[in-house]
Amino acid sequence: MFKGFYNLTSGMLTQGRKLDVVSNNMSNVATTGFKQDRFTNSTFDQVMWSRVGNKHKEYIDIGEQSYITAPSQMYTDFSQSSFDDTGMPLDFAIEGEGYFAVETDNGRIYTRAGDFMLDDEGYLCIPRRGRVLDVNGNEMLIVTDRIESDGYGGIYTEDGAFLGRLGVYAFEDDEAALEKNEYGQFVTDVEPQMVQPRILHGMLERSNVDLVQQMVDMIASQRLYQNCAQATQLYNGMMSHITADIGRL
């Protein structure tokens, strides 16, 4: 009798979760190197299949019907975005695969954001996070921002003295290897491999968030959420009448 409540409530919970993802994407539309998240949902029995299915992907029906929608998967879109020419001497962008590595107090993180600075000791860093690593996994001591680059991460003084080479680390499967942290950067326990893509000096990679699409998704989710809430009120009224009538009988 009350299955409708499960349907409608699960719909509200699912759309609420999707709105959280969309709002986080929209708030990071101007964040350098940010990679947007995508959210999918499915019926409850499909979610359970993915949890209990065997290695041959052979599933047994849980029941004859599935009423409840449930969050299925949230995954990150790792596609490369466009670049902004900032002209700043400590800005770098990766053209192609790979990530900059940064050593923090809590371990190593990986990021596409190359808006670096110099700390008090002259090391290349991401402010309040950690120091940038070179191709040998060492922190990069630069000292000055009067630098030149060879287009592949090599950093030189204006006089041509070699200061170091930015390390760029890649993974065979970004989705499987990387987990996004609260800062929009990535952590992993998978060993990366060194790559040497083009590194654009004085440029930054934009966020790959499609603001128009996120707004469309937000409006659609809000309407679905509101429809479920209104239908819940109607269903509640109908159930009240039914139970009252049964009592009189």
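About the criteria used
Residues numbered from 1 in each chain as written. Predicted model: local features only at pLDDT ≥ 70, side-chain atom pairs only at ≥ 80, totals over all residues. Heavy atoms only, no water. Helix = DSSP H or I, 4+ residues; strand = E, 2+ residues; numbered from the N terminus. Buried < 20%, exposed > 50% of the residue type's maximum accessible area, 1.4 Å probe, protein only. Contact = heavy atoms within 4.5 Å. Areas by Shrake-Rupley, 256 points an atom, 1.4 Å probe, with all protein chains shown as cover. Pairing = 2+ DSSP bridges. Axes fitted to C-alpha atoms, helices over the stretch in contact; angles between N-to-C directions. Phe/Tyr/Trp six-rings, centres within 6.5 Å; stacked < 30°, edge-to-face > 60°. Lys NZ or Arg CZ within 6 Å of the ring centre and 35° of its normal. pLDDT = per-residue confidence, 0-100. 1 Å grid on protein atoms, 1.4 Å probe; cavity = no way out; pocket = protein on both sides within 12 Å on 5 of 7 lines; lining within 4 Å. Points joined across faces, edges and corners; volume = space filled by probe spheres on them. Nonpolar A, V, L, I, M, F, W, Y, C, P; charged D, E, K, R; others polar. Core = buried A, V, L, I, M, F, W, Y, C linked by side-chain atoms within 4.5 Å.

A. Broad picture of the overall build of the protein chain. A count of helical and extended segments in the protein chain gives four helices and 18 strands. Taken across its 249 residues, the protein chain has 38% of its residues classed as buried. Here the contacts in the protein chain between residues at least 6 apart in sequence split such that 67% fall between residues at least 24 apart. Here the protein chain has roughly 14800 Å² of accessible surface; of this, 50% comes from carbon and sulfur atoms.

B. Local environment of the side chain of D174. On the secondary structure map, D174 appears in helix α3 (residues 174-177). In contact with D174, other than residues within four places in its own chain, are F78 and Y99.

C. A look at the sheet that holds strand β10 (residues 147-149). The strand order β10-β11-β12 describes an open sheet built from three strands, whose pairing is antiparallel. In this open sheet, the two strands that pair with only one neighbour each are β10 and β12 (162-165). Each neighbouring strand pair of the sheet contributes to a mean axis angle of 25°, computed without reference to strand direction. As judged from the three bridges shared by β10 and strand β11 (residues 154-157), these two strands associate in the antiparallel manner. If you follow S149 over to β11, its bridge partner there is I155.

D. Examining the environment of G202 more closely. Note on placement: G202 falls in the loop between β17 (198-201) and β18 (203-205). Placed 88 residues apart in sequence, G202 and G114 show a C-alpha to C-alpha distance of 9.4 Å. Every residue in contact with G202, bar those within four places of it in the chain, is listed here: D84, D85, T86, G87, M88 and D91.

E. Main features of the packing of aromatic side chains. Under the counting rule described, the total for this entry stands at eight aromatic pairs. Aromatic side chains Y99 and F171 sit 6.3 Å apart centroid to centroid with 55° between the ring planes, which places their arrangement in the tilted category. Placement of Y99 in strand β5 (residues 99-104) and of F171 in the loop between β13 (168-170) and α3 is noted, with a sequence separation of 72 residues between them. Each member of the pair, Y99 as well as F171, carries the same accessibility label: buried. Over the aromatic face of Y169 sits the side chain of R108, whose NZ or CZ is 5.9 Å from the ring centroid. Between the NZ or CZ atom of R129 and the centre of the ring of Y183, over which it lies, the distance is 4.0 Å.

F. Region of interest: the confidence of the model for the protein chain. Looking at the protein chain, the pLDDT average stands at 85 and 79% of residues meet or exceed 70. Contacts from residues 46-51, a stretch scored under 50 in pLDDT, to residues over four places away or in other chains number 10 contacts.

G. Up close: the layout of surface pockets. As a volume, the largest pocket reaches approximately 340 Å³. If you trace the largest pocket, you find 16 residues lining it, with T31, A113, I126, Y183 and Q185 closest to the centre. Per-class residue counts for the lining of the largest pocket are six nonpolar, six polar and four charged.

H. Representation of the nonpolar core in the model. Judged by nonpolar contacts, the single largest core of 19 residues is most densely connected at F92, F100, F116, L124, I155 and L166. Those elements that provide at least two residues to this core are β4 (92-95), β5, β8 (124-126) and β13. Of all hydrophobic cores here, the second largest spans 10 residues; its members include A101, Y169, A177 and L178.

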